[in-house]
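The chain contents come next:
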Amino acid sequence: ECNWPPAQPEGHCFQFREFGGPGAAGQQKLEVVLLEYRKAKAENAGEIYGLVQATIKAVYPRYYPREVVDFFCRHHNLEHILGDIGRGDVGILKEGNQLIGTGSRDGNHITRVYVNPEFQGKGYGSHIIEILEHEIGRDYDTVNLDASLPASCLYERRGYRTVKHETREVENQAVLVYEIMQKQLDPAAFGTDVQRGGTDVRATHMPHNAGTRGEG
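Residues numbered from 1 in each chain as written. Predicted model: local features only at pLDDT ≥ 70, side-chain atom pairs only at ≥ 80, totals over all residues. Heavy atoms only, no water.

A. Molecular detail of the environment of A45. Turning to its location among the elements, A45 is positioned in helix 1 (residues 45-59). Counting along the chain gives 35 residues from A45 to H80, while the straight-line C-alpha distance between them is 9.7 Å. Once you skip the residues sitting within four places of it in the chain, A45 turns out to touch L78, I81, L82 and I85. (Helix = DSSP H or I, 4+ residues; strand = E, 2+ residues; numbered from the N terminus. Contact = heavy atoms within 4.5 Å.)

Structure, rendered in structure tokens:
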């Protein structure tokens, strides 16, 4: 299992992964995977955009009509991603040269978490969220986000609660349904004496977070 250092969100992490059939004496073979989480740079924008778009198109049609899927694709465009990177708000999780996932925040609002569909169900989404929570916990007591239907179960498992159900009409009167969610952070978990900013609730009325199909 991969444990990210709370005091240093960026860095490397080892994860053990099963592969192949049983080894000697029926023991399962394991390989060690080196993962890296770091801040994204402008040069990473293209691959982040590609991952986000591919994930939306692969996952969201199971939950939303085509018009809503198209809305998410337009919203998470290359210009928005570049802007977030320029503000230092975007992180990426990589295994070697392979982009596994990405996470973004704006203040204490988690705004974009996506995991490559091929890597979902392995805990990568939860690790990205945990890193974002540690970053936010340095300055705030709560985390806020707008969760799409594919993501809400993941956030519930991580201690988030729904504070409001929201809808938004898009093209052809199709309706986007999403949840405004919040989590109270434990100040003792971050070991800092920094003056904390309390709650920064943003009435965005825009579902920033795309989630990872309940990936945990």
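This is not the end of the story, as more comes after the structure.
B. Region of interest: the pattern of salt bridges. Scanning the model with the defined rule gives 13 salt bridges in all. We note a salt bridge from K94 to E47, for which the minimum N-O separation is 3.4 Å. Here the residue K94 occupies a position in strand 3 (residues 90-95), and E47 occupies one in helix 1, the gap between them amounting to 47 residues. Residue classification places K94 among the buried positions, given a relative accessible area of 9%. Note that R158 is salt-bridged to E133, the shortest N-O span being 3.0 Å. Note that R158 is positioned in the loop between helix 5 (152-157) and strand 7 (161-169) and E133 in helix 4 (residues 124-137), a separation of 25 residues in sequence. For R158, a relative accessible area of 19% translates into the label buried. By relative accessible area, E133 is classed as buried at 5%. Connected via shared salt-bridge partners are D84, R87, D89 and R112. (Salt bridge = Lys/Arg side-chain N within 4 Å of Asp/Glu carboxyl O. Buried < 20%, exposed > 50% of the residue type's maximum accessible area, 1.4 Å probe, protein only.)

C. Representation of the pairing of strand 6 (residues 142-148). Counted residue by residue, strand 6 has 7 buried out of 7 residues, so it is predominantly covered. Residues of strand 6 alternate between two faces, with T142, N144, D146 and S148 on one and V143, L145 and A147 on the opposite face, all of them buried. For strand 5 (residues 109-115) and strand 6, the ladder comprises 2 bridges, and the chain directions are parallel. Within strand 6, the position partnered with H109 by the bridge is N144. (Pairing = 2+ DSSP bridges.)

D. Inspection of the packing of helix 1 against helix 3 (residues 78-86) at higher detail. The interhelical angle for the contact between helix 1 and helix 3, taken along N-to-C directions, is 125°, at an axis separation of 10 Å. The angle between helix 1 and helix 3 places the two elements in the oblique class. Along this stretch, helix 1 crosses helix 3, giving a crossing that reads as right-handed. Contact with helix 1, carried on its side by A45, G46, I48 and Y49, involves L78, I81, L82 and I85 of helix 3 and no other residues of that element. (Axes fitted to C-alpha atoms, helices over the stretch in contact; angles between N-to-C directions. Parallel < 35°, antiparallel > 145°, perpendicular 65-115°, else oblique. Left-handed = near helix turned anticlockwise from the far one by under 90°.)

E. Inspection of the environment of V163 at higher detail. Its place among the elements puts V163 in strand 7. Its relative accessible area of 41% is what places V163 among the partly exposed residues. Linking V163 and M181, residues 18 residues apart in sequence, is a C-alpha distance of 5.5 Å. Apart from residues lying up to four places away in sequence, V163 is in contact with I180, M181 and Q182.

F. Local environment of the nonpolar core. Ranked by size, the top nonpolar core spans 25 residues in total, and within it I110, Y155 and Y160 carry the most contacts. For this core, the secondary-structure elements that each account for two or more residues are strand 2 (28-39), strand 5, helix 4, strand 6 and helix 5. Here this core gets 6 residues from one element, more than from any other, and that element is helix 4. Counting 24 residues, the second largest nonpolar core, distinct from the first, contains A40, Y60, V90 and Y114. (Core = buried A, V, L, I, M, F, W, Y, C linked by side-chain atoms within 4.5 Å.)

G. Highlighting helix 2 (residues 66-75). The buried count for helix 2 comes to 7 of 10 residues, which makes it a mostly enclosed element. Buried within helix 2 we find E67, V68, V69, F71, F72, C73 and H75. Buried residues along helix 2 sit against helix 1, helix 3, strand 6, strand 7 and strand 8 (175-184).

H. Up close: the pairing of strand 5. Across the 7 residues of strand 5, 7 count as buried, placing the element largely inside the fold. Pairing of strand 4 (residues 98-106) with strand 5, which is carried by 6 bridges, proceeds in the antiparallel orientation. Bridge pairing links G103 to V113 in strand 5. Between strand 5 and its parallel partner strand 6, the chain crosses via helix 4, and the hand of that crossover is right-handed. (Right-handed = clockwise from strand over helix to strand, strands pointing away.)

Just geometry here; none of it tells us what the structure is for.
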